[in-house]
Amino acid sequence: MLASPAQVAETACGMITDLITSVPDCVLGLATGSTPLDTYRGLVQRHQHGLRFDEVETFNLDEYAGLASDHPQSYHAYMAENLFDHIDIDRSDTHIPRGDADDLDEECLRFEQSIRDVGGVDHWLLGIGSNGHVAFNEPGCDPDSTTRVVDLAPETITANSRFFDRAEDVPRRALTAGISTILSADRIVLLAYGANKAEAVAEAIAGPVSPDCPASFLQTHPDCTFLLDTAAASLLLP
Ligand code: PGA
């Protein structure tokens, strides 16, 4: 547990920096949402001080079905704006499922295979939804799931609506890495800030391993770290 969101981001950024420094051609799994923004800012600053990404390969967790890569609310646009446009990564080494692919099921299979083709992810950075989801693996999901098209839970659609002008524009489906895809990474680091994540964090860490809280499947991973601020950890404290 860390005192502030800033310390969570600094620690997450330090772990990724150490990995890139020791393994310049490492494979990173990345997340979107508000949680990793400060971590990405930190990585951009480290790049300005010499950290190189030119051999790094990245995989993102998810993308909205139906959104083209240049849609301002797509996760392609988010990653460009918050990280990729500011570092020396080769864009052909960045992988995000395409929400506008002609055949979304085929796109999911292609994405999953491309992770296998590079030998798997070394370090996957995650956030958590207030309903316990990881990526868009919503409550009720299968622990053996791989990348696939899913319907978003009503609370996720509501949470995402803050980014869209009109309610009818909020995507109802997404392409998402599965629980098994995420668990296949060598190391997993989940970040959470704020009291609205406290219940999901407590269920994920101290509750039963259950599809009711998809993040609880992380308990089965041998190298998974939760970086929490005091508010997100508040229901775990004595
Ligand atoms: P947030 O989303 O980082 O915007 O809180 C996390 C998530 O829903 O996985």
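Scroll up to find the structure.
Below is a summary of the structure that appears in this document. Everything numeric in this text was worked out from a predicted model, so none of it was measured. Counting restarts for each chain, with residues numbered from 1 along the sequence as it is written. Totals for whole chains, interfaces and linings use all residues, but because this is a predicted model, local features are given only for residues with pLDDT of at least 70 and pairs of side-chain atoms are given and counted only at 80 or more. The basis for every side-chain value is the complete set of non-hydrogen atoms in the structure, without hydrogens or water.

## Re the overall build of the protein
Right, so step 1: Along the protein, the regular secondary structure elements total seven helices and nine strands.
Right, so step 2: Taking 238 residues into account, the globule formula puts the C-alpha radius of gyration at 18 Å, and the protein, at 17 Å, falls close to it.
Right, so step 3: The burial tally for the protein puts 54% of its 238 residues in the buried class.
Right, so step 4: By definition in these notes, contact holds between two residues if any of their heavy atoms fall within 4.5 Å. Long-range pairs, those at least 24 residues apart, make up 77% of the contacts in the protein between residues at least 6 apart in sequence. Numbered from the N terminus, helices here are DSSP runs of H or I no shorter than four residues, and strands are runs of E no shorter than two. Atoms counted for the radius of gyration: C-alpha only. Globule rule: 2.2 Å times residue count to the power 0.38. Burial status follows relative accessibility: with a 1.4 Å probe on protein chains alone, a residue under 20% of its type maximum counts as buried, one over 50% as exposed, and anything between as partly exposed.

## Let's talk about the site of the ligand
Right, so step 1: Neighbouring residues of the ligand: G33, S34, T35, G127, I128, G129, H133, R162 and K197.
Right, so step 2: Pairs of N or O atoms within 3.5 Å make up the polar contacts considered here, provided that, within protein, one atom can donate a hydrogen while the other can accept it, and that residues adjacent in sequence are counted only when both atoms are side-chain atoms. Measuring from an oxygen atom of the ligand, one finds a side-chain N or O atom of S34 at 2.9 Å.
Right, so step 3: Between the ligand and R162, the relevant distance is 3.5 Å, taken from an oxygen atom to a side-chain nitrogen or oxygen of the residue.
Right, so step 4: Residue exposure ignores everything except the shown protein chains as possible cover, and the areas themselves are Shrake-Rupley values with a 1.4 Å probe. Alone, the ligand offers 280 Å² of accessible surface; in the complex the protein occludes 77% of this.
Right, so step 5: Each residue is assigned to one class: nonpolar for Ala, Val, Leu, Ile, Met, Phe, Trp, Tyr, Cys and Pro, charged for Asp, Glu, Lys and Arg, and polar for all the others, Gly among them. Of the residues contributing to the shell around the ligand, the split by class is one nonpolar, six polar and two charged. Nearness of a residue to a molecule or strand requires only that one of the residue's heavy atoms be within 4 Å of it.

## So, the state of the cysteines
Right, so step 1: Disulfides are defined in this document as cysteine sulfur pairs within 2.5 Å. Scanning all chains against the criterion turns up zero disulfides.
Right, so step 2: Here C13 is not cross-linked by a disulfide; its sulfur's nearest cysteine counterpart is in C26, at 13 Å.
Right, so step 3: Cysteine C108 is unpaired, with the sulfur of C141 as its nearest cysteine sulfur at 15 Å.

## Some details on the sheet that holds strand β4 (residues 94–95)
Right, so step 1: Should DSSP find at least two bridges between two strands, the strands are regarded as paired. Spatial ordering of the open sheet is given by β4-β2-β1-β5-β8-β9, a layout of six strands whose pairing is parallel. Each edge of the sheet is formed by a strand with only one pairing partner; in this case those strands are β4 and β9 (224–228).
Right, so step 2: Both strand β1 (residues 27–30) and strand β5 (residues 123–126) contribute to a ladder of two bridges, which runs parallel. Across the sheet, residue G29 finds its bridge partner in β5, namely W124.
Right, so step 3: Here helix α1 (residues 5–22) sits on the sheet in contact with β1, β5, β8 (187–192) and β9, set at roughly 145° to β9. Note on definitions: angles span 0 to 180 degrees between N-to-C directions of axes, and those axes are lines fitted to C-alpha atoms, for helices only across the stretch in contact.

## So, a negative patch on the surface
Right, so step 1: Patch membership is restricted to residues that have no salt bridge and whose relative accessible area is over 30%. Joining uses 9 Å for like charges and 5 Å for the nonpolar side chains Val, Leu, Ile, Met, Phe, Trp and Tyr. Salt bridge, as used here, is a side-chain nitrogen of Lys or Arg placed within 4 Å of a carboxyl oxygen of Asp or Glu. Charge assignment in this entry is limited to Lys and Arg as positive and Asp and Glu as negative, and neither His nor the chain termini are counted. Where a charge lies is defined by one atom per residue type: Lys uses NZ, Arg uses CZ, Asp uses CG and Glu uses CD. Where like charges cluster on the molecular surface, the negative patch consists of D102, D103, D105 and E106.
Right, so step 2: Mapped onto the elements, D103 comes out in the loop between β4 and α4 (104–117).

## Brief notes about the sheet that holds strand β7 (residues 173–176)
Right, so step 1: Ordered by their spatial adjacency, three strands build an open sheet running β3-β7-β6, and the pairing between neighbours is antiparallel. Each edge of the open sheet carries a strand with a single partner, namely β3 (62–64) and β6 (148–151). If you compare each strand with its neighbour and ignore which way they point, the axes differ by 30° on average.
Right, so step 2: Judged from the four bridges that link them, β6 and β7 form a sheet pairing that is antiparallel. Bridging across to β7, V150 finds its partner in A174.

## A few points about α4
Along an α-helix, a turn takes 3.6 residues, which lines up residues three or four apart on a common side.
Right, so step 1: Expected helix span is given by 1.5 Å per residue-to-residue step, counting one fewer step than there are residues. Compared with the 20 Å implied by 1.5 Å per residue over 14 residues, the 20 Å span of α4 between its first and last C-alpha is a close match.
Right, so step 2: For α4, every residue scored as buried is listed here: L104, E107, C108, F111, E112, S114 and I115. Burial along α4 is one-sided: seen end-on, the buried residues are contained in an arc of 155°. Away from the buried face of α4 by more than 90 degrees, exposed residues D105, E106, L109, R116 and D117 are located.
Right, so step 3: On the buried face of α4, the contacting elements are β2 (57–60), β4, β5, β6, β7 and α6 (179–183).
Right, so step 4: Trailing α4 by a residue or two, G119 shows a phi angle of about 90°, which is positive. This arc corresponds to the set of directions leading from the helix axis out to the C-beta atoms.

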